[in-house]
Amino acid sequence: MPVTSFNIMDKHPCYDDNHRSCYGRIHLPVAPKCNIQCGYCDRKYDCVNESRPGVTSKVMTHDQVVDHIKRHNTPVNNIKVIGIAGPGEPLYNPETFKTLKVLDEEFKQFIKCISTNGLLLEDKLEQLIKYNVSAITVTLNTLNSNTAKMIYDYTAGYSYEEFIQKQINGIVNAVNEGVAVKINTVAISSVNLGEIEEIAQFAYEVKATVMNVTSLIPQAKFAGYKKISSKELQYIREVCSKYIKQLYGCSQCRADAVGIPNKI
Ligand code: SF4
Ligand code: SF4
């Protein structure tokens, strides 16, 4: 089980809405490349599974992160979490693991957090555990390969069935290792709205910690799709809350975000 100096659920600003105004996080934009293509992603910008659409973060290297963290670790920022959420797919970039090694050596006191599309999670989990990553967000938009075909243009040479199975394996293995797993789901009208309850049920069954349903930002291949209303989003979250704790305050932080989420 990964080591942190305090309970994640007590201090992580992205696992409990009550903490979004109290505790801070630093995102390190060390991971530029991605291994899949989500239909709603414009690759000129940060990974929109976790980050605000249309924002481009300047990529950093692992030898720049120590100064960066020291500069931003101020009382005002009240940093508890160091996360890697892009600008591409963290687990597809060797720089992520070089950075995690530095973090594990220099910043033991913080929660280490990763956001991923899940494809490589089962393959990289051992390394993540070695570096004491204790919070992992996985974007899981469907459990159905026909729907996956609509959402993803390609999945690194894996079939859509294999892609979903690898996501599931990664999630289950991470939970079994004691990692707090957050499931992110992008609600896409005419595509996966009827499946989100099933994803919530799955998240409950595999003992994920929390679920974050966000609304599609219509862009790239999904530019012509309707963004669901906040009322529809609220309804989906309420249905899902029968199975697993929901987040209501996610503001889709950028890949180089710093500080307390509700204060920047
Ligand atoms: Fe929060 Fe996601 Fe950043 Fe982790 S990677 S600190 S869950 S926004
Ligand atoms: Fe874009 Fe992120 Fe999807 Fe990769 S995983 S295609 S960066 S949204």
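Residues numbered from 1 in each chain as written. Chains lettered and ligands numbered in written order. Predicted model: local features only at pLDDT ≥ 70, side-chain atom pairs only at ≥ 80, totals over all residues. Heavy atoms only, no water.

1. So, the site of ligand 2
- Around ligand 2, the surrounding shell consists of Cys34, Ile36, Gln37, Cys38, Cys41, Arg43, Cys47, Val48, Asn49 and Asn117.
- Broken down by class, the residue content of the shell around ligand 2 amounts to six nonpolar, three polar and one charged. (Near = heavy atom within 4 Å. Nonpolar A, V, L, I, M, F, W, Y, C, P; charged D, E, K, R; others polar.)

2. What to know about the packing of aromatic side chains
- Within the structure shown, the criterion is met by four aromatic pairs.
- Aromatic side chains Tyr40 and Phe222 sit 6.5 Å apart centroid to centroid with 25 degrees between the ring planes, which places their arrangement in the stacked category. Separated by 182 residues along the polypeptide, Tyr40 in the loop between strand 2 (36–38) and helix 2 (65–72) and Phe222 in the loop between strand 8 (210–215) and helix 8 (230–240) bring together distant segments of the chain.
- Note on Tyr40: relative accessible area 2%, which makes it buried.
- Phe222 sits in the buried class, given a relative accessible area of 1%. (Phe/Tyr/Trp six-rings, centres within 6.5 Å; stacked < 30°, edge-to-face > 60°. Helix = DSSP H or I, 4+ residues; strand = E, 2+ residues; numbered from the N terminus. Buried < 20%, exposed > 50% of the residue type's maximum accessible area, 1.4 Å probe, protein only.)

3. As for the pattern of salt bridges
- A full pass over the atoms with the stated rule returns nine salt bridges.
- Across the salt bridge formed by Lys245 and Asp16, the nearest N and O atoms sit 3.3 Å from each other. Of this pair, Lys245 sits in the loop between helix 8 and strand 9 (258–259) while Asp16 sits in the loop between helix 1 (8–11) and strand 1 (24–27), and the two are 229 residues apart along the sequence.
- A salt bridge links Lys166 to Glu122, with the shortest nitrogen-to-oxygen separation between them at 3.1 Å. (Salt bridge = Lys/Arg side-chain N within 4 Å of Asp/Glu carboxyl O.)

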